[in-house]
Amino acid sequence: MKIICIGRNYADHIDELDSFRSDEPLIFIKPDTAIAQSNLPFFIPEFSNEVHHEVEVLVLINRIGKHIHSKFAHKYYDQIGLGIDFTARDVQQQLKSKGLPWEKAKAFDGSAFVGKWFDKSTLGDLGKLSFSLQKNGEVVQKSDTSLMLWSVDEIIAYVSKYFTLKIGDIIFTGTPAGVSQVMKNDRLEGHLNGKKALNLIIK
Ligand code: MG
């Protein structure tokens, strides 16, 4: 399986990182070794002094597909979840400044934390899903899927032009503003439409 991530999908996060808004979705991929076990802590890797949390709505692909029309994209997923795209921001800034690929900053072991999955029929309107992340009990990221620049179905249509989607692939749909550094012993807790969707400790 593979993990397909969308970058710069919320205007407020583009602004906080001083990035530019692209006219097409920004895509990057994490390997299956990036998946973090949801029952274990997240360990800050020794090559970074600044790992950030990015809470994101996740989509679990349940059918194989290529060149999927956005009108039919909803047939390719039943489960929606919440996860964290852990990012070594210091490494990413160095790579970006040299125009180099981001993999070392974004795709390292454990960088894709996947929380609980929910049947999409239990979540109501997927275009208006609220989600949030608390760090040590304080809300640090809070948004709504209505603020995505590209919707889940538009993302599936775009991504599947380049990559065949397979059963078990996970799409990370981008993070809103509020990303910040995680420190040893921080506790992260995420909610999706008011339901507890993830919980982890940083080590
Ligand atoms: Mg992200």
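For the structure itself, consult the block above.
Quick caveat, the model's predicted, so the values are computed rather than measured.

Once that is clear, we can look at the environment of valine 139. Mapped onto the elements, valine 139 comes out in strand β10 (residues 138–144). Distance from valine 139 to lysine 203, taken between C-alpha atoms, is 20 Å for residues 64 residues apart in sequence. Excluding its chain neighbours within four sequence positions, the residues that come into contact with valine 139 are Leu133 and Gln134.

Turning our attention to the pairing of strand β13 (residues 187–192). Within β13, 5 of the 6 residues are buried, which leaves it mostly tucked inside the rest of the structure. Examined bridge by bridge, strand β9 (residues 130–135) and β13 share 5 bridges and lie antiparallel to one another. The residue of β13 that forms the bridge with serine 132 is histidine 191. Here β13 pairs with strand β14 (residues 195–201) via 6 bridges, running antiparallel. The residue of β14 that forms the bridge with glycine 190 is leucine 198.

The buried fraction of strand β5 (residues 55–61) is high, at 6 of 7 residues. Alignment of β5 against strand β6 (residues 77–85), held across 7 bridges, turns out to be antiparallel. Bridging across to β6, leucine 60 finds its partner in glutamine 79. Relative to strand β11 (residues 170–172), β5 runs antiparallel, the two sharing 3 bridges. The partner of leucine 60 across the bridge, within β11, is isoleucine 170.

Evaluation of the coordinates by the stated rule reveals 5 salt bridges. We note a salt bridge from glutamate 54 to lysine 106, for which the minimum N-O separation is 3.1 Å. With glutamate 54 in the loop between β4 (51–53) and β5 and lysine 106 in helix α3 (residues 103–106), this residue pair connects regions lying 52 residues apart in the sequence. Here glutamate 54 matches lysine 106 in class, with each residue buried. Between lysine 106 and aspartate 85 there is a salt bridge, and its shortest N-O distance comes to 2.8 Å. In this pair, lysine 106 is assigned in helix α3 and aspartate 85 in strand β6, connecting sequence segments 21 residues apart.

Cut-offs used in this document
Residues numbered from 1 in each chain as written. Predicted model: local features only at pLDDT ≥ 70, side-chain atom pairs only at ≥ 80, totals over all residues. Heavy atoms only, no water. Helix = DSSP H or I, 4+ residues; strand = E, 2+ residues; numbered from the N terminus. Contact = heavy atoms within 4.5 Å. Buried < 20%, exposed > 50% of the residue type's maximum accessible area, 1.4 Å probe, protein only. Pairing = 2+ DSSP bridges. Salt bridge = Lys/Arg side-chain N within 4 Å of Asp/Glu carboxyl O.

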